[in-house]
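Okay, here's what each chain looks like letter by letter:
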Amino acid sequence: MKQELEAIRLKAEQDLNAAESQQALEALRVQYLGKKGEVTAILKKMGGLSPEERPVIGQLANEVRAFIEGELVKRASELKQAELEKRLQAEKIDVTMPGKRHELGTQHPLSAVLEEIKEIFIGMGFDIVEGPEVEYDYYNFEALNIPKDHPARDTQDTFYINDNIVLRTQTSPVQVRVMEKQKPPIRVISPGRVYRSDALDATHSPLFHQIEGLVVDKGISFADLKGTLETFIKRLYGEDSVVRFRPHHFPFTEPSAEVDVQCFNCHGEGCRLCKGEGWIEILGCGMVHPKVLSNCGIDPEVYSGFALGMGLERVVMRRYAIDDIRMFYENDVRFLKQF
Ligand code: DAH
């Protein structure tokens, strides 16, 4: 039995050193120390030994078992180390290699200019508010003094969800929502998407963006409107911009005006950019109609206000001399990279 145990110890040592994986080690553990293992088999046979032999063999068997257990642990950690080294070798990185360049996009021109416009108005004490793009006919038209038979509805034909709900054709309904909720003083701008059922061409898109402005307080006059807009336009287009107010009509303002900036390309001479006009129209505005104020529960005898609305695409097109609105939505990087 003694020789048997010595032989087992020798063979186990060789086997363990030859094992190349954790699974192989586990198989060896079962083979030697498991319930039906070789060392266990010896221990089982010890019952047939003489009382003198028993402790000697018992001690040896325990030694062999402890030896194998120790070797198992040693070999396992060797294998682990080898595996780690192999991985480190395989994953070795050459820090002198040129890196992978992250292609950073640029801000879309519409977003960039909108940010600028927001900053200008925030600087004048305005808050930014938002309204829903799916809007009640009441807010989009009715409350803004555009009843069902009003001709303004023809130029703002839109997409109907049903008789009462439309995709908003303008950001003006946000005026009504703000005035219903908030009592004066009110000083807000509201940018967002608007929709019209226009066919897509160089100057029309069924989806575009507007920025609405609204100021309501005691004693607001047309002079406030002019001052605010001149300040805004000079910040946006440069201090030397020349601004012109032209009488116009909007159902929800009275009096109303359209605002032109002198063409910054030809300084009023007339060129391709301004289509020979010398002026570029950029927004509509006016004093909030008393009917609109009272529709929103604000007493027109006490309060007055002004409103303005501009098309973001137009402002950006004029600013960068972009001649086709479709460029904004096509995501052609050759176009987007230029900003
Ligand atoms: N909502 C108008 C449009 O889409 C633009 C506009 C004009 C807005 C005058 C206003 C305003 O707030 O006062 O054509």
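The structure displayed is predicted, hence computed values, not measured ones.

Rules behind the numbers
- Residues numbered from 1 in each chain as written.
- Predicted model: local features only at pLDDT ≥ 70, side-chain atom pairs only at ≥ 80, totals over all residues.
- Heavy atoms only, no water.
- Salt bridge = Lys/Arg side-chain N within 4 Å of Asp/Glu carboxyl O.
- Helix = DSSP H or I, 4+ residues; strand = E, 2+ residues; numbered from the N terminus.
- Buried < 20%, exposed > 50% of the residue type's maximum accessible area, 1.4 Å probe, protein only.
- Pairing = 2+ DSSP bridges.
- Contact = heavy atoms within 4.5 Å.
- Axes fitted to C-alpha atoms, helices over the stretch in contact; angles between N-to-C directions.
- Near = heavy atom within 4 Å.
- Polar contact = N/O pair within 3.5 Å; in protein donor to acceptor, adjacent residues only side chain to side chain.
- Areas by Shrake-Rupley, 256 points an atom, 1.4 Å probe, with all protein chains shown as cover.
- Nonpolar A, V, L, I, M, F, W, Y, C, P; charged D, E, K, R; others polar.
- 1 Å grid on protein atoms, 1.4 Å probe; cavity = no way out; pocket = protein on both sides within 12 Å on 5 of 7 lines; lining within 4 Å.
- Points joined across faces, edges and corners; volume = space filled by probe spheres on them.
- Lys, Arg positive; Asp, Glu negative; His and termini not counted.

Which parts of the structure should I look at to understand the pattern of salt bridges?
Side chains bearing opposite charge may pair, as long as their charged atoms lie close to each other. The full count for this structure, using the stated rule, is 19 salt bridges. One salt bridge in this structure joins Glu26 and Arg29, with 2.9 Å as the shortest N-O distance. On the criterion of helical spacing, the pair formed by Glu26 and Arg29 is a turn pair, its members being three residues apart in helix α2 (residues 22–33). Note on Glu26: relative accessible area 41%, which makes it partly exposed. Judged by relative accessible area, Arg29 falls into the partly exposed class, the value being 35%. The closest approach of N and O atoms between Asp260 and Arg246, which form a salt bridge, is 2.8 Å. Taken as a pair, Asp260 in strand β8 (residues 253–262) and Arg246 in strand β7 (residues 243–250) lie far apart in primary sequence, 14 residues in all. A cluster of three or more residues bridged by salt bridges with shared partners is formed by Arg244, Arg246, Glu258 and Asp260.

Explain the sheet that holds strand β9 (residues 279–288) here, please?
Strands pair in a sheet through their backbones, by hydrogen bonds, and they do so in one of two ways: parallel or antiparallel. In space, the seven strands of this open sheet follow the order β1-β5-β6-β10-β9-β8-β7, with mixed pairing throughout. The outermost strands of the open sheet, each flanked by one partner alone, are β1 (127–128) and β7. Here ten bridges tie strand β5 (residues 186–195) to strand β6 (residues 207–217), and the two strands are oriented antiparallel to one another. Looking at β6, one finds that Val188 is bridged to Leu214. Lying over the sheet, helix α9 (residues 222–237) contacts β7, β8, β9 and β10 (304–311), oriented at roughly 150 degrees with respect to β9.

I'm lost on the site of the ligand in this one. Help?
Contacts to the ligand come from 16 residues, most closely from Gln170, Ser172, Arg196, Gln210 and Glu212. Gln210 is positioned with one of its side-chain polar atoms (N or O) 2.9 Å from an oxygen atom of the ligand. In this structure, Ala307 approaches the ligand through a main-chain N or O atom, which is 3.2 Å from an oxygen atom. Its free accessible area being 350 Å², the ligand has 91% of it covered by the protein chains. Its residues assigned to classes, the shell around the ligand shows five nonpolar, nine polar and two charged.

How do you make sense of empty space enclosed by the protein when you look at a structure like this?
If a probe as big as a water molecule is rolled over the atoms, it shows which places are left empty. The tally for this structure, following the rule as stated, stands at one cavity of 30 Å³ or more. One number sums up the size of the largest cavity: a volume of about 40 Å³. Taken together, Val129, Val174, Gln175, Val178, Val188, Ile189, Ser190, Glu212, Gly213 and Leu214 make up the full set of residues lining the largest cavity. Elements that contribute at least two residues to the lining of the largest cavity include exactly α8 (173–181), β5 and β6.

Can you walk me through the layout of surface pockets in this structure?
As a volume, the second largest pocket reaches approximately 270 Å³. Only α5 (109–123), β5 and β6 provide two or more residues apiece to the lining of the second largest pocket. Split into classes, the residues belonging to the lining of the second largest pocket amount to five nonpolar, five polar and four charged.

Could you clarify how one ought to interpret the environment of Val56 in this entry?
As for its position among the elements, Val56 is in helix α4 (residues 53–90). Residues Val56 and Cys296, spaced 240 residues apart in sequence, show a C-alpha to C-alpha distance of 105 Å.

Help me understand the side chain of Glu313, please; the structure alone is not making it clear to me.
With respect to the secondary-structure elements, Glu313 resides in helix α11 (residues 312–320). Of the buried charged residues, Glu313 lacks a salt bridge, with Arg193 as the closest side chain of opposite charge at 8.2 Å. Filtering out sequence-adjacent residues up to four positions away, Glu313 remains in contact with Leu110, Phe208, His209, Ile325, Phe328 and Tyr329.

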